[in-house]
Amino acid sequence: MIDMTIYIDSEFKCHIADDGTMTAVETDFFDGKCAEFIEGYRFIPSGESWTDEHGRTFSGEMAFPWKPYSELDAAQREYERQLAQAAMILLGEV
Amino acid sequence: MSKYVVDSADLVSVAEAIRTKGKTSEQLVFPSGFVSAVEAITTGGGGLNFTVVGGTTEPTDPAENTVWVDTNTDITGWEFGFDQPDTSTAGFVWIKSSPSSPMQFNAISENAIILKIATAYQLIGGTWELMPTKVYTGGEWLDDYGVIYDGTWRSPYSFAENDLLDNNANPIEWTVSQSSRAVIYNVDFTDFDTLEIDCEFVNNYWTYISVTDNAGWADGAGSNFVYKKLDQGTFARQVYSLPVTDITGGHIIKIHLWGTSTTVKVYRIQLVKNG
């Protein structure tokens with residue numbers, strides 16, 4: 001697993017680019033994941049916590065989707081399909 | 001039979017009263033129509049049709065719709081609702097409602113008010129403590145909705161892939177000298193919002209609590225849908241909550257540890273549906 005830098009906003013939602021207000025985080029959780037997958041997650045670093053609209057509090061380190069995982073999984077599969085397709089083209093397979 | 005003269009205005013006012021109470025706008029013919037309309041007026045739901053009891057022994061020969069809160073603390077009052085009651089009364093019980101629990105019953109004797117229960121909490125020492133709860137209805141006991149383990153495993157669940165622990169123990173405890181995992185297979189997360197694991201760790205070095213499809217030794221977070229990583233150290237008994245609202249279908253709950261002398265005790269594992 002390879003660490004990568006992602007960015008979290010004030011609601012701990014993940015982003016692949018910083019808009020100037022976000023916090024950079026190093027994590028291997030998203031190794032190999034596409035942007036749409038990453039940006040469907042929240043990441044709470046160790047020592048921090050987040051409280052949702054129901055009053056539930058969750059403490060880091062923690063990662064969990066805030067969009068239906070089935071949608072994120074579909075996006076990731078399509079991403080991987082496209083990567084495989086591109087690789088085959090490079091190899092002259094198609 | 002005697003005969004009486006009645007002012008038409010008086011008849012109209014009686015008819016209006018009957019129409020209002022009967023929630024109808026139909027013309028009423030005196031007297032038969034008045035009689036029929038009065039007889040058609042439905043009353044409220046009748047009396048309450050359930051009882052809330054405490055104690056640590058499951059009631060024998062319970063009445064229909066008995067809500068049994070397994071507690072040895074006197075119940076000083078109770079409230080059904082989605083939200084935690086605003087009270088400081090010691091011993092008060094909050095019977096938490098759920099929009100989808102199979103633990104449900106009709107709370108009134110006529111017509112219906114269907115109460116669906118997620119679980120119950122009791123205010124003890126200023127803390128809302130989770131209390132095992134059952135409902136006796138339809139001739140059988142219905143169990144806590146979403147409970148996987150609370151000293152007793154709910155069928156068909158148990159820990160697998162771990163020879164260090166005893167699934168019949170209460171709490172379930174094991175000590176890790178290298179690496180261990182404890183997995184619960186085929187847990188359906190559909191309709192639930194939070195996974196709660198009530199446990200404690202002594203001398204934790206590396207632990208992931210996760211929801212995953214990978215029951216194996218896969219390192220790192222990326223093999224999981226949801227994970228909580230514990231810091232190093234010793235942690236008193238507490239509830240670790242993982243959000244699972246956006247996870248549906250059957251998956252695995254995994255507690256994956258690595259350490260030279262880490263002890264974990266598990267008291268309760270439960271899926272919770274928020275109102």
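Residues numbered from 1 in each chain as written. Chains lettered and ligands numbered in written order. Predicted model: local features only at pLDDT ≥ 70, side-chain atom pairs only at ≥ 80, totals over all residues. Heavy atoms only, no water.

A word on the interface of chain B and chain A
The cut-off we apply is this: Every residue pair with non-hydrogen atoms within 4.5 Å of one another is taken to be in contact. As a working definition, buried area equals the accessible area (1.4 Å probe) given up by two parts on being put together, with both sides summed. Salt bridges are defined as contacts in which a side-chain nitrogen from Lys or Arg sits within 4 Å of a carboxyl oxygen from Asp or Glu. Here a polar contact means two N or O atoms within 3.5 Å. Within protein one must be a hydrogen donor candidate and the other an acceptor candidate, and residues neighboring in sequence count only if both atoms are side-chain atoms. Starting at the N terminus, helices and strands are each numbered in turn, a helix being any DSSP run of H or I of at least four residues and a strand any DSSP run of E of at least two.
Counting residues at the interface gives 21 residues for chain B, matched by 22 residues for chain A. In total, chain B and chain A occlude about 1,700 Å² of area from one another, counting both sides; carbon and sulfur atoms represent 51% of this. Of all residues in chain B, Tyr227, Pro243 and Asp246 of chain B bury the most surface against chain A, accounting for 35% of the area lost on that side. At the junction of chain B with chain A, the criterion picks out zero salt bridges. The interface formed by chain B and chain A contains ten residue pairs in polar contact (both at pLDDT 80 or more). Looking at the side of chain B that touches chain A, the elements that each hand over two or more residues are strand 15 (224-230) and strand 16 (233-243) of chain B.

Remarks on the confidence of the model for chain A
So the rule is basically this: Per-residue confidence from the predictor is reported as pLDDT, a score between 0 and 100.
Taken as a whole, chain A shows an average pLDDT of 92; of its residues, 97% reach a score of 70 or greater. The least confident element of chain A is helix 2 (residues 69-90) of chain A, whose mean pLDDT is 92; the most confident is strand 2 (residues 14-15) of chain A, at 98.

Regarding the sheet that holds strand 1 (residues 4-8) of chain A
Residue and element names in this part refer to chain A. Keep this limit in mind: Pairs of strands are assigned from DSSP output, requiring at least two bridges between the strands.
Judged by pairing direction, the sheet is antiparallel, and its three strands sit side by side in the order 2-1-3 without closing on themselves. The open sheet has two edge strands, strand 2 and strand 3 (23-27), and neither has a second partner. Here five bridges tie strand 1 to strand 3, and the two strands are oriented antiparallel to one another. Of the residues in strand 3, the one forming a bridge with Met4 is Thr27.

Some points on the pattern of salt bridges
Put simply, the rule reads: Note on classification: 1.4 Å probe, protein chains only; a residue is buried when its accessible area is under 20% of the maximum for its type, exposed when over 50%, partly exposed between these limits.
Counted under the stated rule, the structure contains eight salt bridges over all chains. Between Asp73 of chain A and Arg77 of chain A there is a salt bridge whose closest N-O contact spans 2.7 Å. Here the residue Asp73 of chain A and the residue Arg77 of chain A both occupy positions in helix 2, the gap between them amounting to four residues, near one helical turn. When the shortest N-O distance is used, the salt bridge between Arg181 of chain B and Glu161 of chain B registers 3.9 Å. With Arg181 of chain B in strand 12 (residues 179-188) and Glu161 of chain B in the loop between strand 10 (147-149) and strand 11 (172-176), the pair connects residues that are 20 residues apart, well separated along the chain. Residue Glu161 of chain B is classed as partly exposed on the basis of its relative accessible area of 38%.

Here we look at the environment of Phe82 of chain B
All names here are of chain B. Looking at where Phe82 falls in the secondary structure, it is placed in the loop between strand 3 (77-81) and strand 4 (92-97). What makes Phe82 partly exposed here is its relative accessible area of 41%. In sequence terms Phe82 and Ser98 are 16 residues apart; their C-alpha atoms lie 6.9 Å from each other.

Focus: the sheet that holds strand 1 (residues 51-53) of chain B
All names here are of chain B. To keep things clear, this is the line we draw: Here an axis means a line fitted to C-alpha atoms, over the contact stretch when the element is a helix, while the angle between two N-to-C directions is reported on a 0 to 180 degree scale.
In space, the four strands of this open sheet follow the order 1-2-8-9, with mixed pairing throughout. Pairing within the sheet leaves two strands with one partner each, and these edge strands are strand 1 and strand 9 (140-142). Here the strands of the sheet are splayed against their neighbours by 25 degrees on average, with no regard to which way each runs. Sheet analysis places strand 2 (residues 66-69) next to strand 8 (residues 133-137), joined by four bridges and oriented antiparallel.

Description of helix 2 of chain A
Note the cut-off: To estimate how far a helix should extend, the number of its residues minus one is multiplied by 1.5 Å. Along the arc lie the directions from the helix axis toward the C-beta atoms.
Here helix 2 of chain A contains 22 residues, and its C-alpha end-to-end distance of 31 Å stays within 8% of the 32 Å for a straight helix at 1.5 Å per residue. Among all positions of helix 2 of chain A, only Tyr69, Leu72, Ala75 and Gln76 of chain A are buried. An end-on view of helix 2 of chain A places all buried positions within 125 degrees of arc, on one side of the element. Its buried side turned inward, helix 2 of chain A meets helix 1 (35-38), strand 4 (41-44) and strand 7 (62-65) of chain A together with strand 15 of chain B. Gly92 of chain A lies just past helix 2 of chain A and shows a positive phi near 75 degrees.

Comments concerning the environment of Leu11 of chain B
Residue and element names in this part refer to chain B. Considering the arrangement of structural elements, one finds Leu11 in helix 1 (residues 8-22). Leu11 gets classed as partly exposed once you look at its relative accessible area, which sits at 27%. Along the primary structure Leu11 and Phe30 are separated by 19 residues, whereas in three dimensions their C-alpha atoms are 8.3 Å apart. Those residues within four positions of Leu11 in sequence are excluded, and the remaining contacts are Val6, Phe30 and Phe34.

Quick word on the pairing of strand 2 of chain B
All names here are of chain B. Residues Thr66 and Trp68 line one face of strand 2 and the alternating positions Val67 and Val69 line the opposite face, and both faces are buried. In this structure, strand 1 lies alongside strand 2, joined through three bridges in parallel fashion. Across the sheet, residue Val53 finds its bridge partner in strand 2, namely Trp68.

A short note on the packing of aromatic side chains
All names here are of chain B. Put simply, the test is: Only the six-membered ring of Trp is used, alongside the rings of Phe and Tyr, when aromatic pairs are assigned; centres must lie within 6.5 Å, and planes under 30 degrees apart are stacked while those over 60 apart are edge-to-face, with the rest tilted.
Under the defined criterion, the tally for this structure stands at 27 aromatic pairs over all chains. Plain terms: the ring middles of Trp94 and Tyr121 are 5.1 Å apart, the flat faces sit at 25 degrees to each other, and that makes the pair stacked. Here Trp94, found in strand 4, pairs with Tyr121, found in strand 6 (residues 114-124); they are 27 residues apart in sequence, far enough to count as distant. Overall, the relative accessible area of 6% leaves Trp94 in the buried class. Classification of Tyr121 by relative accessible area gives buried; the value is 12%. Pairing Tyr208 with Tyr227 gives two aromatic rings, centres 5.2 Å apart and planes at 45 degrees, and the pair type is tilted.

Observations concerning the nonpolar core
As a reminder, the rule being used: The set of buried Ala, Val, Leu, Ile, Met, Phe, Trp, Tyr and Cys residues whose side-chain atoms join them within 4.5 Å is what this entry labels a nonpolar core.
With 59 residues, the main nonpolar core has Tyr41 of chain A together with Phe159, Trp174 and Ile269 of chain B as its most contacted residues. In this structure, Ile269 of chain B is in contact with Gly146, Val147, Ile148, Tyr149, Trp153, Phe159, Ile184, Leu195, Glu196, Ile197 and Ile253 of chain B, ignoring residues within four places of it in sequence. Judged by nonpolar contacts, the second largest core, of 16 residues, contains Val67, Ala107, Val135 and Leu142 of chain B.

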